[in-house]
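# Close look at the chain arrangement
Listed below, chain by chain, are the residues.
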Amino acid sequence: MKMLNRQLFFSVPASVLAYVLAWAPASVSAEAISGYRYITEETRTMQDDDFANPGLLSVDRGEELFNEKHVTAKKQEAKSCAGCHGEQGEKLNVEKIAA
């Protein structure tokens, strides 16, 4: 009985996977589609308006923190991120962020 259960355990997922893989190329789009396409008109309007979009509050706060001077653990002097990376982050090396 255990052998039959193991065979069912492995054969059912394998057959489902084979079915999905067989149909996947026909159903997968060649280009990525933005979620913006699926949201309501009301949500689009809110996202497009810089004053109504709540996400931009975080952007504004991030800009404040980027320019605010902080005392670092290594140095006792107060320094802002903008001091090293430029007022708008133009000196920031984005290639080293994920490294």
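The sections below set out a description of the structure shown in this document.

## Re the side chain of N53
Along the polypeptide, N53 turns up in the loop between α2 (41-48) and α3 (55-67). Judged by its relative accessible area of 18%, N53 is buried. A distance of 2.9 Å separates a polar side-chain atom of N53 from the backbone nitrogen of G55.

## Examining the packing of aromatic side chains
Throughout the structure, instances matching the rule amount to zero aromatic pairs. Lying across the ring of Y36, R44 places its NZ or CZ 5.5 Å from the centre.

## Focus: the pattern of salt bridges
All chains considered together, the criterion is met by two salt bridges. The salt bridge involving R44 is made with E41; its shortest N-O contact spans 3.3 Å. Placement of the pair is R44 and E41 together in helix α2, with a separation of three residues, close to one helical turn. A salt bridge links E64 to R61, with the nearest nitrogen and oxygen atoms 3.1 Å apart. Of this pair, E64 and R61 both sit in helix α3, separated by three residues, roughly a single helical turn. According to the relative accessible area criterion, R61 is partly exposed, its value standing at 42%.

Conventions and cut-offs
Residues numbered from 1 in each chain as written. Predicted model: local features only at pLDDT ≥ 70, side-chain atom pairs only at ≥ 80, totals over all residues. Heavy atoms only, no water. Helix = DSSP H or I, 4+ residues; strand = E, 2+ residues; numbered from the N terminus. Buried < 20%, exposed > 50% of the residue type's maximum accessible area, 1.4 Å probe, protein only. Polar contact = N/O pair within 3.5 Å; in protein donor to acceptor, adjacent residues only side chain to side chain. Phe/Tyr/Trp six-rings, centres within 6.5 Å; stacked < 30°, edge-to-face > 60°. Lys NZ or Arg CZ within 6 Å of the ring centre and 35° of its normal. Salt bridge = Lys/Arg side-chain N within 4 Å of Asp/Glu carboxyl O.

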